[in-house]
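The residues making up each chain are set out below.
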Amino acid sequence: MMRALIFVDNRLASRIALRYACRLANMSDMDLQSIYIEEPELGDSPPGTGWVKSTWEKGLLVSAGAEISQLIHQEKSKCPTLRKPKMCVGDRETEILRELDESPYDLFIEGTLYSFNPAGFLEKFGTRLYRELSCPILVVKNMVDIKKAVLLIEDTTDLWSLIPLFFKIFGKTQLKLDIFHVKLQKPGRLRFKESGEGLKTSDAKETDEIIHSAEKMLAETGWSAQETRVIRDAPAGIAESLQDYSLVVSCLSRQTAPKSLMLEVLSRVPSAVLLCWQ
């Protein structure tokens, strides 16, 4: 069974992510562990050690912990594999990384509200948490039915990381799947036709090879894409073509800059984004 860790708090983004994760867990074979972290206010340090510190931490968790427990209890009736939350006091990033390091998880899930300003999403990839995560990430932006997904691949995409991840999560579902090979351009440059007409022969051949490789790997798992497409456009244009998808799946290098064109695409789509590392 696949194991996922989801960060929860009392904000709307977290509630949406939890609901989405529960639907995902019911679609696939997934054990869902929640974690809540109470961050002390600036300058509020633990008094001493031992039972004194323990009592102080329990006091911080009393009110918020009860609300989180109630939230998990409400979802538990619809999601049998959702476990009671692990609760702790400390720095959010440090505690999440510690939990991921101490227990074997296949996926980390958290929520962020969709915004026409992509800055909030992009900032996540400059944080310590995202730089050091050892497992794939699912970032949930909206509450939608999980019906249609798209694999976004580039010339450098590691298909051996991307496709096994997709199959591990969705292999037993009836999710509809498309594959888009994106040729990212900086805003202001001339757009090319999506059909491939006018492409140089070498580009067309390269495109055929990477899409063919992806389809072949999918076929070996019993899957097939309903549609494959090549898109040459700026990030905003590509993101616009992804509006109807409930999940966008891609693969990034750990050295990806927060201002990369692919991250800008992912920041602009309203759907959930599933990312693996290569």
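Asker: Teacher, can you tell me more about the overall build of the protein here?
Answerer: Counting secondary structure elements, the protein contains nine helices and 10 strands. Considering the protein as a whole, with its 278 residues, one finds that 50% of them fall into the buried category. Within the protein, counting contacts between residues at least 6 apart in sequence, those at least 24 apart form 84% of the total. Total accessible area computed for the protein in this model is approximately 13,900 Å², and 50% of it derives from carbon and sulfur atoms.

Asker: What is the right way to read the packing of aromatic side chains from this model?
Answerer: Aromatic rings considered in pairs are described by the distance between their centres and by the relative angle of their planes. The final tally for this structure, using the stated rule, is five aromatic pairs. Ring geometry for F125 versus Y130: centroids 5.0 Å apart, planes at 80°, classification edge-to-face. Each member of the pair, F125 as well as Y130, is classed as buried. With a centroid separation of 5.1 Å and an interplanar angle of 85°, the aromatic rings of F166 and W223 are classed as edge-to-face. Pair noted here: F166 is in helix α6 (residues 159–170) and W223 is in the loop between α7 (201–220) and β8 (227–233), with a separation of 57 residues, a long-range link. Comparing F166 with W223 shows no difference in burial state: the two are buried. Joined through ring pairs, the aromatic side chains of F121, F125 and Y130 make up one cluster. A cation over an aromatic ring shows up here: R92 above the ring of F7, its NZ or CZ 4.6 Å from the ring centre. Across from the ring centre of F121, 4.3 Å away, lies the NZ or CZ of K141, which sits over that ring.

Asker: Help me understand the sheet that holds strand β10 (residues 272–277), please; the structure alone is not making it clear to me.
Answerer: The pairing of strands in a sheet comes from backbone hydrogen bonds and takes either a parallel or an antiparallel form. The mixed open sheet is built from 10 strands, whose spatial order is β3-β2-β1-β4-β5-β10-β9-β6-β7-β8. Strands at the two margins of the open sheet, each flanked by one partner only, are β3 (82–89) and β8. Across this sheet, the average inter-strand angle for adjacent strands is 25°, counted without regard to direction. As paired strands, strand β2 (residues 30–38) and β3 are joined by six bridges and run parallel to one another. Bridge pairing links L32 to L82 in β3. Against the sheet, helix α9 (residues 261–268) touches β6 (148–153), β7 (176–184), β9 (247–252) and β10, its axis set at about 160° to β9.

Asker: Please explain the state of the cysteines as it appears in this structure.
Answerer: Cysteine pairs can be covalently joined through their sulfur atoms, and such a bond is termed a disulfide. All chains considered together, the criterion is met by one disulfide. Note that C251 is cross-linked by a disulfide to C276, the S-S spacing being 2.4 Å. Taking the torsion about the sulfur-sulfur bond, which here is approximately -125°, the covalent link between C251 and C276 counts as left-handed. In this pair, C251 is assigned in strand β9 and C276 in strand β10, connecting sequence segments 25 residues apart. Across the pair, C276 and C251 agree in class, each one buried. Here C22 is not cross-linked by a disulfide; its sulfur's nearest cysteine counterpart is in C79, at 3.5 Å.

Asker: What should I look at first to understand the environment of S271 in this one?
Answerer: Here S271 lies in the loop between α9 and β10. The spacing of S271 and Y114 is 157 residues in sequence and 8.1 Å in space, taken between C-alpha atoms. With residues near it in sequence (within four places) discarded, S271 still touches V139, K141, Y245, S246, L247 and V248.

Asker: Can you help me understand the nonpolar core in this one?
Answerer: As a rule of thumb, soluble globular proteins bury nonpolar side chains together. In this structure, L32, L138 and F170 are the most contacted members of the largest nonpolar core, which totals 52 residues. At eight residues, the largest contribution of residues to this core is made by helix α1 (residues 12–27).

Asker: It is not clear to me how α6 should be interpreted in this structure. Could you clarify?
Answerer: Along an α-helix, residues three or four positions apart point the same way, because every turn accommodates 3.6 residues. Here α6 is 12 residues long and its end C-alpha atoms lie 16 Å apart, about the 16 Å a rise of 1.5 Å per residue gives. Residues L159, L162, I163, L165, F166, I169 and F170 constitute the buried set of α6. Summarising the axial view, the buried residues of α6 lie within an arc of 155°, below the 170-degree limit, and thus occupy one face. Looking at where α6 begins, the residue whose side-chain oxygen comes 3.1 Å from the main-chain nitrogen of W160 is D158.

Asker: Would you explain the pattern of salt bridges in this entry?
Answerer: Under the counting rule described, the total for this entry stands at 16 salt bridges. The closest approach of N and O atoms between R98 and E95, which form a salt bridge, is 2.7 Å. Pair noted here: R98 and E95 are both in helix α3 (residues 92–102), with a separation of three residues, about one helical turn. Relative accessible area serves as the criterion here: at 37%, R98 is assigned to the partly exposed category. Between E227 and R229 there is a salt bridge, and its shortest N-O distance comes to 3.1 Å.

Parameters and conventions
- Residues numbered from 1 in each chain as written.
- Predicted model: local features only at pLDDT ≥ 70, side-chain atom pairs only at ≥ 80, totals over all residues.
- Heavy atoms only, no water.
- Helix = DSSP H or I, 4+ residues; strand = E, 2+ residues; numbered from the N terminus.
- Buried < 20%, exposed > 50% of the residue type's maximum accessible area, 1.4 Å probe, protein only.
- Contact = heavy atoms within 4.5 Å.
- Areas by Shrake-Rupley, 256 points an atom, 1.4 Å probe, with all protein chains shown as cover.
- Phe/Tyr/Trp six-rings, centres within 6.5 Å; stacked < 30°, edge-to-face > 60°.
- Lys NZ or Arg CZ within 6 Å of the ring centre and 35° of its normal.
- Pairing = 2+ DSSP bridges.
- Axes fitted to C-alpha atoms, helices over the stretch in contact; angles between N-to-C directions.
- Disulfide = S-S within 2.5 Å.
- Core = buried A, V, L, I, M, F, W, Y, C linked by side-chain atoms within 4.5 Å.
- Expected span 1.5 Å × (residues − 1).
- Arc of directions from axis to C-beta.
- Polar contact = N/O pair within 3.5 Å; in protein donor to acceptor, adjacent residues only side chain to side chain.
- Salt bridge = Lys/Arg side-chain N within 4 Å of Asp/Glu carboxyl O.

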